[in-house]
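# Reading the structure
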Amino acid sequence: MEKNKVQIKICGATYSIRTEDDPEYVESLGEFIDSEMKDIASSSPSLSSIQCAILVALDQTDACRKATAAADNLRAQIKDYLEDSARARMEVDVARREVERLNREVNNLRDRLSEKQ
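Below is a summary of the structure that appears in this document. Chains are numbered independently. Their residues run from 1 in the order of the written sequence. Thresholds applied to this predicted model are a pLDDT of at least 70 for local features of residues and 80 or more for the giving and counting of side-chain atom pairs; totals over whole chains, interfaces and linings are not thresholded and use all residues. Working from all heavy atoms in the structure, the side-chain values ignore hydrogens and water.

### Some details on unusual backbone geometry
Despite not being glycine, Cys11 has its phi angle at roughly 50°, a positive value. Numbering of helices and strands starts at the N terminus; helices are DSSP runs of H or I of at least 4 residues and strands are runs of E of at least 2. The residue Cys11 is located in the loop between β1 (4-10) and β2 (13-19) in this model. We classify Cys11 as partly exposed; its relative accessible area is 34%. Using a 1.4 Å probe on the protein chains alone, a residue whose accessible area is under 20% of its type maximum counts as buried, one over 50% counts as exposed, and one in between counts as partly exposed.

Okay, here's the thing in structure tokens:
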């Protein structure tokens, strides 16, 4: 895949990045990080750029891990639902076969009863 060269600006510093991702996507990441760092810097002006970057990194790592845990939880729930669905389909098949068997038995009994009359 073709590598794109993208320039992003974070806290006044320009960074050149080579990536296979869409340049607009990478630019949006840079804008997001810049915004997060500016928010932290404005609420705590005594923090250095590195400290702001570390706090943004911690916050984003936390969000990523929580999102991963939520996705894992959803995957487990979906797996359980699929297993329940498969079990229910098997039960329906068994019940359908039993209904068919009972219908055949009823029809046989009706035929025998009509022969006797």
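There's more to say after this.
### So, helix α1 (residues 23-43)
Multiplying 1.5 Å by the helix residue count minus one yields the expected span of that helix. Given a rise of 1.5 Å per residue, 21 residues ought to cover 30 Å, and the 30 Å separating the end C-alpha atoms of α1 matches this to within 8%. Three or more residues of α1 are buried, namely Val26, Gly30, Asp34, Met37 and Ile40. Around the axis of α1, the buried residues are gathered within 130° of arc, so they sit on the same side. Structural note: α1 exposes Glu24, Glu31, Ser42 and Ser43 on the side pointing more than 90 degrees away from its buried face. The directions considered for the arc run from the helix axis to the C-beta atoms.

### Brief notes about the packing of α1 against helix α2 (residues 49-116)
Helix axes are fitted to C-alpha atoms over the stretch in contact, other axes to C-alpha atoms as well, and angles between N-to-C directions run from 0 to 180 degrees. One way to put it is that α1 packs onto α2 with a least axis distance of 9 Å and a crossing angle of 115°. Considering how the two elements wind past one another, α1 and α2 form a crossing that is right-handed. Facing Phe32, Glu36, Met37, Ile40 and Ala41 of α1, the residues of α2 in contact are Ser49, Cys52, Ala53, Leu55, Val56, Asp59 and Gln60. In a left-handed crossing the near helix is turned counterclockwise from the far helix by less than a right angle, and in a right-handed crossing that turn is clockwise. Every residue pair with non-hydrogen atoms within 4.5 Å of one another is taken to be in contact.

### Section: the nonpolar core
Nonpolar cores are built from buried Ala, Val, Leu, Ile, Met, Phe, Trp, Tyr and Cys residues. Side-chain atoms within 4.5 Å join them into one set. Val6, Ile8, Ile10, Val26, Met37, Ile40, Cys52 and Val56 together form the largest nonpolar core, which totals eight residues. Elements represented by at least two residues in this core include exactly β1, α1 and α2. Sequence-distant contacts of Ile10, defined by excluding residues within four places in its chain, comprise Tyr15, Gly30, Ile33, Asp34 and Met37.

### Digging into the side chain of Asn4
Its place among the elements puts Asn4 in strand β1. At 3.0 Å, the side chain of Asn4 forms a polar contact with the backbone oxygen of Asp21. Apart from the residues lying within four places of it in its own chain, the contact partners of Asn4 are Ile17, Arg18, Thr19, Glu20, Asp21 and Pro23. For this analysis, a polar contact is any N or O atom pair within 3.5 Å, provided that within protein one partner can donate a hydrogen and the other can accept it, and provided that sequence-adjacent residues contribute only side-chain to side-chain pairs.

### Re the environment of Leu47
Here Leu47 shows up in the loop between α1 and α2. Between the alpha carbons of Leu47 and Leu82 there is a distance of 50 Å; along the sequence they are 35 residues apart. Not counting chain neighbours up to four residues away, the residues in contact with Leu47 comprise Ile40, Cys52 and Leu55.

### Structural notes on the pairing of β1
Burial along β1 is one-sided: Asn4, Val6, Ile8 and Ile10 are buried, and none of Lys5, Gln7 and Lys9, which face the opposite way, are. Only strands joined by at least two bridges in the DSSP assignment are considered to pair. Counting the residues between successive antiparallel strands, the hairpin from β1 to β2 contains two residues, one of them, Cys11, with a positive phi of roughly 50°.

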